[in-house]
Amino acid sequence: GASPRLVVLDPLVRFGRPTLAGRGLPTDVLFERYQAGDSAAELAADYDLPAAEVDEAIRFEARPAGPV
């Protein structure tokens, strides 16, 4: 089956901003720090997250914006 979604858009969490499932951490926060030069490993350590979740958040934010 499909892997569970790591990035969720829940109107009740952070006003519908994309967040990491079960954590309430907006993916754009991770992505901005990644773009500023922090490695995925540093972000995982800072936020006590599995590296896979950080990678997924970065991939999600870096995707081409499509129609909403």
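That block above? That's the structure.
Residues numbered from 1 in each chain as written. Predicted model: local features only at pLDDT ≥ 70, side-chain atom pairs only at ≥ 80, totals over all residues. Heavy atoms only, no water.

This brings us to the overall build of the protein chain. For the protein chain, the count of helices and strands is three helices and two strands. Across the protein chain, the fraction of contacts at a sequence separation of at least 24, relative to all contacts at a separation of at least 6, is 34%. Carbon together with sulfur atoms contributes 55% to the accessible area of the protein chain, which is approximately 4600 Å² in total. (Helix = DSSP H or I, 4+ residues; strand = E, 2+ residues; numbered from the N terminus. Contact = heavy atoms within 4.5 Å. Areas by Shrake-Rupley, 256 points an atom, 1.4 Å probe, with all protein chains shown as cover.)

Formed by 13 residues in total, the largest nonpolar core has its most connected members in Leu20, Leu25, Leu30, Leu43, Leu49, Val54 and Ile58. When contributions to this core are tallied by element, the ones reaching two or more residues are α1 (27–35), α2 (40–47) and α3 (51–62). Counting residues per element, this core draws most heavily on α3, at four residues. Once you skip the residues sitting within four places of it in the chain, Leu20 turns out to touch Leu6, Val7, Val8, Leu25, Thr27, Leu30, Leu49, Glu53 and Ala57. (Core = buried A, V, L, I, M, F, W, Y, C linked by side-chain atoms within 4.5 Å. Buried < 20%, exposed > 50% of the residue type's maximum accessible area, 1.4 Å probe, protein only.)

Okay, the side chain of Thr27 next. Take Thr27: it is sitting in helix α1. In this structure the side chain of Thr27 is engaged in a polar contact, spanning 2.5 Å, whose partner is the side chain of Glu61. If we skip the residues at most four places from it in the chain, Thr27 touches Val7, Pro18, Thr19, Leu20, Ala57, Phe60 and Glu61. (Polar contact = N/O pair within 3.5 Å; in protein donor to acceptor, adjacent residues only side chain to side chain.)

Attention now moves to the packing of α1 against α3. Contact geometry for α1 and α3: axes closest at 9 Å, N-to-C directions at 90 degrees. What the angle tells us is that α1 and α3 run roughly perpendicular. Of α3, the residues touching α1 (which contributes Thr27, Asp28, Leu30, Phe31 and Tyr34) are Ala57, Ile58, Phe60, Glu61 and Ala62. (Axes fitted to C-alpha atoms, helices over the stretch in contact; angles between N-to-C directions. Parallel < 35°, antiparallel > 145°, perpendicular 65-115°, else oblique.)

Okay, the packing of aromatic side chains next. One pass over the structure, following the stated rule, counts zero aromatic pairs. In this arrangement the basic side chain of Arg63 is found over the ring face of Phe60, its NZ or CZ atom lying 4.0 Å from the centre. (Phe/Tyr/Trp six-rings, centres within 6.5 Å; stacked < 30°, edge-to-face > 60°. Lys NZ or Arg CZ within 6 Å of the ring centre and 35° of its normal.)

It is worth stressing that arrangement in space is one thing and function is another; only the former is reported here.
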